Amino acid sequence: MAFNYYFPSLLLLVISSSSLLCFSLSTVSISHTSNQTLVCALTNTSHLQCTSLQNPIPFSLTGTLQNRRFSGVVSGNGFVCGLRSPLGSNTSTILCWRFSNNGDNMTYKRIYKGPELKELEASTSRICGVEKVTNLTRCWTPVSFPLSGNYDSIAIGEDFLCGLSKPPGRITCEGNITNAPSENSFIAVASGSRQACAITVNNDVTCWGEKSTSPPSEKFSAISLGENGICGVRWLNKTVTCWGSNNNNNGFTLPKSFEKIHFISIYAKGLIFCGVVTSNYTLICWGDDQSVFTPFQDQPLLPGPCRHDCLYGPLPGSVSLCGNGLMICDSINTHNPKLPVPDTPRGQQETKDKTWSNKNIAFLVVGCVGTCSLLLVIGFLIYKSHFRCRVHDSGRLDDNRIIVSQPKLEKRLSSLASLGNHGQLVEFSIEELAHATEGFSPRFQLGIGSFGIVYKAVLSDGRHVAIKRADLTNPTLSGITRIRNRREDNDSAFVNELESMSRLNHKNLVKLLGFYDDAEERVLVYEYMPNGSLSDHLHNPRFEPLTWERRLTIALDAARGIQYLHDFVMPPVIHRDIKSSNILLDATWTAKVSDFGLSQMGPTEEEDVSHLSLRAAGTLGYIDPEYYRLQQLTTKSDVYSFGVVLLELLSGHKAIHMNEEENPRNVVEFVVPYILQDEVHRALDRRIPPPTPYEIESVAHLGYLAVECVVPCGRERPSMAEVVSNLEKALAACLAAPQTEPLSRSDSN
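What this report covers is the structure whose coordinates are included nearby. (Residues numbered from 1 in each chain as written. Predicted model: local features only at pLDDT ≥ 70, side-chain atom pairs only at ≥ 80, totals over all residues. Heavy atoms only, no water.)

Observations regarding the side chain of R576
Heads up, the condition is: Secondary structure elements follow DSSP: runs of H or I of four or more residues count as helices, runs of E of two or more count as strands, with numbering from the N terminus. Note on classification: 1.4 Å probe, protein chains only; a residue is buried when its accessible area is under 20% of the maximum for its type, exposed when over 50%, partly exposed between these limits. Throughout this description, a polar contact denotes any pair of N or O atoms lying within 3.5 Å of each other; where both atoms belong to protein, one of them has to be capable of donating a hydrogen while the other can accept it, and for residues adjacent in sequence the pair is counted only when both atoms sit in side chains.
Structurally, R576 is set in the loop between β34 (573-574) and β35 (583-585). Given a relative accessible area of 5%, R576 falls into the buried group. Side-chain polar atoms of R576 contact the side chain of Y627, separated by 2.9 Å.

What follows is the structure, encoded as structure tokens:
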């Protein structure tokens, strides 16, 4: 009976807790310098504006960001940071400004771009946030204590951090603060410089830390802590009350002119408090000396972050404030099931509880049956996908085996010939190719390509070439079926490469010279690349390590080749297997992209589609996670793979390599966090000397570009044209004299 009685309240509480995030991002912030207080806020359509509190002087942010939309803003002493989380991107960016007393030279610096953040908080000197998916807590300034927990929300003070688990949850504090409550019933947490407070599911407030004072015995929906005082928004009527002591050791109170004003949200920093008025969404501020300010005059501000959907509907008028069909969600506190509903007779309440209990028993049964059915379906799909995906011996992840019967293959070859594409290629005889390799002897082998073994050879006319021969009948494949599947794979890769290479001509693509094909043999002949592959020079100790200048040059060459495939070929070509072993180096160290066995012709503009629906294909460590998950191929999948190559160039580590404990580690997981923390020097290849003072800007810029290439959402990645442009600037800076102007962090941001 106890379970049935409390089930409706628990169900509503669980649903409500998810919408606590509606106000987890601050849309107003307060910052201080020696003689100025700066208030920043998100105005209509989420634009960021700042103004001085004492003297209403607008502080102008960098001009290029005037039209950018922000989802949150935080401030500390002398800085303000804006959070950008474009809807649907699953990524966030933090841009920060340092400001002087007159507002001049407020240029920004990006301190983070990565997984989406659901909360961002700042103390006077540090910034911390919480990742939306993992609940991982990140900080971007020095923290004197270890971060050990993953929290749903956080509050940070001068030398401590308090985190709240998923509401209703427990408070855990790290750093220099004591006496945190041990109950498991909190829904919100806030902090000042030396103390913290939390709101329970009953809307009671408890506080702890230095100079903590007992709050009034009232119900609160929001609280904010300043240097000496605390203000809270009452749960019932949305008016504000304040308590604590001011600088004169008098009781800290709200200015009398504000006592009857209703507030929807409240903010504090130092000695200043600000609140957004419910009636018109304007901002008013006050100090602990009863001073009053109106920093943005009567301009409406965003009382909370803009969202697509809201559980309890939008705040009145918020749709026009947000624009683009977005809205600000109504507070959940008015729906808190723990508070009594006034004027409800006991008999009616008991009947209602009984009705709810009976209904929820039915909902519970139906929900359990539905959940079990869903789990069975998911298990079946995982089982099927496990046996459908396979890894090739060469390390490929290729779940896109195209069955090409002999008639289909001949039809594709005939179609290729009818287009006249064979005209620029030499059709070699198998005798000449066999003679040049002494019967395809193992001692001539260079490596393994997408559909067979690659041999080095010298033709009868003296040309040095690389010959790729399809492996059609390897007896170790154990069975006629596997031989047939291998042959079908190789036939498809052979025609893919022949179709692609016969119509491509660029100095940064390996040149196809000719071919041979019949019922038993498939052979392609390429120009020979005497300096091997980029992978050789990065990962093989027998090769001399590459300098930073040469690495940048190779990256730029390869990027130009991929850009040609994406932007200058019609229809465009998506390579699908960009990796360091497929970037080859000729006698003059010019880098060229090779191996088009997995390539696909991308959609054209006339087709009015943004992607190809194909099962995942590529090489482990390089394959785009979004493509692997959604099976939607775009040119941005090549961009991701190229980003992994850039991380290899920086770190000298393979895409998948062993860490110090001999466990497999992805280069993205290893290097990207260092770059985001502005500590790229900790991840650089140690086989070569550290970059010189004028090389380090270029190397750091290369790191920021790599991070942008490997962001989870394909739409957020730069195009290859943007990649080329950024690499050109990085290389130019590397070659320039030391007094050259520093390279901007990222032109694509």
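The rest of the description comes next.
Comments concerning the sheet that holds strand β19 (residues 229-234)
This is how the line gets drawn: We call two strands paired when DSSP finds no fewer than two bridges between them. Convention adopted: a line fitted to C-alpha atoms gives each axis, helices being fitted over their contacting stretch, and angles between N-to-C directions are expressed from 0 to 180 degrees.
A sheet is described by the order of its strands in space; here 3 strands give the open sequence β18-β19-β20, paired in antiparallel fashion. Of all the strands in the sheet, just β18 (220-225) and β20 (240-244) have a single pairing partner and so form its edges. The mean inter-strand angle of the sheet, taken between neighbouring strand axes irrespective of direction, is 20 degrees. Bridge count for β19 against β20 is 5 bridges, and the pairing is antiparallel.

Considerations on the sheet that holds strand β12 (residues 153-156)
Pairing is antiparallel across the open sheet formed by 3 strands, whose spatial order is β12-β13-β14. In this open sheet, the two edge strands, each paired with only one partner strand, are β12 and β14 (171-175). The mean angle between the axes of side-by-side strands here comes to 20 degrees, regardless of whether they run parallel or antiparallel. Note: β12 against strand β13 (residues 160-164), 4 bridges, orientation antiparallel. Note that in β13 the partner of I154 across the bridge is G163.

Describing helix α10 (residues 635-651)
Worth spelling out the cut-off: Take the number of residues in a helix, subtract one, and multiply by 1.5 Å to get its expected span.
Between its terminal C-alpha atoms α10 stretches 25 Å, which fits the 24 Å expected from 17 residues at 1.5 Å a residue. Burial analysis of α10 places 16 of its 17 residues in the buried class, which makes it a mostly covered element. Two or three places before K636, at the start of α10, stands the capping residue T634, its side-chain oxygen 3.1 Å from that residue's backbone nitrogen. Positioned one or two residues after α10, G652 has a phi angle of 75 degrees, which is positive.

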